[in-house]
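Single-letter residue listing:
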Amino acid sequence: MESGKYSTKFKNLVANSATELWENICVLGNERKMMKINKIVYSEYGWLGSAEAYTLDLVEGYMEIIEGESLVDDKPIITKVTISNGQFEQINTILDKLEIDKFQEYYIFPGVCDGTQWSFTAYLASGQILESSGSNAWPEGFEEFIRLFKTVRGDKELCEEDD
């Protein structure tokens, strides 16, 4: 059963590497501050369309996707996907660029009564919770973060940049 021992050692090595990746450094002005993110919850729903909610658990290394007619659908489709080391690196890079600690509380594009509503919550290891939401407007660069969910999920056709 040598392969079983190797498999356990490999899994521990991967888990430790992934954890280390999340002890990221966010640049805040000229100072560096450690900000470890344990979990991110992102939900998006349209006025007449379906709803999606994503939970990235960066401690356990998985993403859960809930899809339905609405966020309170009684028969949602729930999918759980393991996050690879490469995806951890992508997530880390995107989060560094986004500077989530600088998000506004609410983003809105006035003049649109329907469209897309969203919410974003980050749970930090320090116990701090960062929240932001919006209607038809997002923080600068956020589309790359949304595309990342689609990448982890495996929806390659949804990952391509919009023209």
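Residue indices begin from 1 for each chain and proceed along its sequence in written order. Totals for whole chains, interfaces and linings use all residues, but because this is a predicted model, local features are given only for residues with pLDDT of at least 70 and pairs of side-chain atoms are given and counted only at 80 or more. Each side-chain value is worked out from all heavy atoms of the structure, with water and hydrogens disregarded.

Caption draft 1: Spotlight on unusual backbone geometry. The backbone phi angle of Glu99 is positive, close to 50°, even though this residue is not glycine. Of note, Glu99 is situated in the loop between α2 (85–98) and β7 (106–108). Within the chain, Asn136 stands out as a residue other than glycine whose phi angle is a positive 65°. Relative to the helices and strands, Asn136 is located in the loop between β9 (129–135) and α3 (142–153). Throughout this description, buried means an accessible area under 20% of the type-specific maximum (1.4 Å probe, protein chains only), exposed means over 50%, and partly exposed covers the range between. On the accessibility criterion, Asn136 (17% relative accessible area) is buried. Only DSSP runs of H or I reaching four residues or more are called helices, and only runs of E reaching two or more are called strands; each is numbered from the N terminus.

Caption draft 2: Representation of α3. Between the first and last C-alpha of α3 there are 17 Å, a value that for 12 residues agrees with the 16 Å anticipated at 1.5 Å per step. Inspection of α3 places Phe142, Phe145, Ile146, Arg147, Leu148, Phe149, Lys150 and Val152 among the buried residues, and these make up the whole buried set. Downstream of α3 by a residue or two, Gly154 has a phi angle that is positive, lying close to 100°. The span you would expect from a helix comes to 1.5 Å times its residue count less one.

Caption draft 3: Region of interest: the nonpolar core. Counting 31 residues, the largest nonpolar core has Ile40, Ile100, Phe120, Phe142 and Phe145 as its most contacted members. Elements that contribute at least two residues to this core include exactly β3 (37–46), β4 (51–57), β5 (62–68), α2, β8 (116–124) and α3. In terms of residue count, α3 provides more of this core than any other element does, six residues in total. Note on contacts: a residue pair qualifies if any of its non-hydrogen atoms lie within 4.5 Å across the two residues. Not counting residues up to four positions away in its chain, the partners in contact with Phe120 are Ile40, Val41, Tyr42, Ile100, Phe103, Leu130, Glu131, Ser132, Phe142 and Phe145. Among buried residues, the Ala, Val, Leu, Ile, Met, Phe, Trp, Tyr and Cys ones that are joined through side-chain atoms within 4.5 Å form a nonpolar core.

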